[in-house]
Amino acid sequence: MNNIEVDARQVTSMFADLTGRQQRQVYRSVLRKGAGILATETKRQLRQTLGRAASSRNWWNGRTLVSGVKSNADRNGTEAKVHIMGDFRLKFFEMGTRVRRTTGNNSASVRGRNPIRRQRVAANINAAHFFRTAKTNKEREIFDNMDNLISQSIQRIANRNRL
């Protein structure tokens with residue numbers, strides 16, 4: 001990424017010259033780029049954890065697991081979200097699963113049998129924590145790049161207005 005050195009006062013004055021709509025556009029653009037960095041890292045971590053299974057289209061409507069990583073910024077430019085719930089299967093890989101059983105208070109255990117298994121999962125899925133890893137890896141980089149992203153976005157919109 002190319003670093004652009006700009007005087008902070010110059011960027012502030014350029015930002016003040018923009019209309020309210022353009023200022024929101026700057027914020028939204030910066031938040032979208034920051035969210036994109038985290039989404040890209042999450043997809044990379046997912047592929048690294050699951051291998052070819054992350055990109056396979058064999059199940060559930062022909063969608064890949066990677067396509068379940070979603071990012072968006074709201075229209076006002078106040079917040080951006082990155083989440084993995086675009087595909088419900090990703091939660092199982094992030095958090096893991098375990099076999100659930102009934103407690104010993106039911107009629108089956110009173111008759112001397114073992115508690116009943118309630119989940120039909122053949123095996124436990126160990127938690128991969130690909131999303132948590134991506135957040136810890138890229139959090140510092142995203143916040144460090146915010147100033148650069150803001151100044152680039154302001155310059156781009158200001159240059160667009162001059163033309």
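Residues numbered from 1 in each chain as written. Predicted model: local features only at pLDDT ≥ 70, side-chain atom pairs only at ≥ 80, totals over all residues. Heavy atoms only, no water.

1. Some thoughts on the pattern of salt bridges
Inference 1: Applying the stated criterion across every chain, the model contains 4 salt bridges.
Inference 2: The partner of lysine 138 in a salt bridge is glutamate 141, with the nearest N and O atoms 2.9 Å apart. Residue lysine 138 and its partner glutamate 141 are located together in helix H5 (residues 130-162), separated by 3 residues, close to a single helical turn.
Inference 3: The class of lysine 138 is buried, set by a relative accessible area of 19%.
Inference 4: With its nearest N and O atoms 3.3 Å apart, the salt bridge here joins arginine 140 to aspartate 144. Taken together, the positions of arginine 140 and aspartate 144, both in helix H5 and 4 residues apart, correspond to about one turn of that helix. (Salt bridge = Lys/Arg side-chain N within 4 Å of Asp/Glu carboxyl O. Helix = DSSP H or I, 4+ residues; strand = E, 2+ residues; numbered from the N terminus. Buried < 20%, exposed > 50% of the residue type's maximum accessible area, 1.4 Å probe, protein only.)

2. What to know about helix H2 (residues 20-50)
Inference 1: Across its 31 residues, H2 extends 44 Å between first and last C-alpha, which sits within 8% of the 45 Å expected from 1.5 Å per residue.
Inference 2: Taken together, the buried positions of H2 are occupied by Gln22, Val26, Ser29, Val30, Gly34, Ala35, Leu38, Ala39, Glu41, Thr42, Gln45 and Leu46.
Inference 3: Along its buried surface, H2 packs onto helix H1 (8-17), strand S1 (70-73), strand S2 (80-83), helix H3 (89-95) and H5. (Expected span 1.5 Å × (residues − 1). Contact = heavy atoms within 4.5 Å.)

3. Focus: the packing of H1 against H5
Inference 1: Two elements in contact, H1 and H5, have axes separated by 10 Å at closest approach and are oriented at 50°. With respect to H5, the axis of H1 lies oblique. Every pair of crossing elements has a handedness; the one defined by H1 and H5 is left-handed. Contacts between H1 and H5 involve Val11, Met14 and Phe15 on the former and, on the latter, Ser151, Ile154, Gln155, Ala158 and Arg162. (Axes fitted to C-alpha atoms, helices over the stretch in contact; angles between N-to-C directions. Parallel < 35°, antiparallel > 145°, perpendicular 65-115°, else oblique. Left-handed = near helix turned anticlockwise from the far one by under 90°.)

4. Examining unusual backbone geometry
Inference 1: We note that histidine 129 has phi near 50°; this positive angle belongs to a residue other than glycine.
Inference 2: With respect to the helices and strands, histidine 129 occurs in the loop between helix H4 (107-110) and H5.

5. Quick notes on the packing of aromatic side chains
Inference 1: Under the criterion given, the structure shown has 2 aromatic pairs.
Inference 2: Summarising the aromatic geometry, the rings of phenylalanine 88 and phenylalanine 92 are spaced 6.3 Å apart at their centres and angled 85° between planes, so their arrangement reads as edge-to-face.
Inference 3: Judged by its relative accessible area of 37%, phenylalanine 92 falls in the partly exposed class. (Phe/Tyr/Trp six-rings, centres within 6.5 Å; stacked < 30°, edge-to-face > 60°.)

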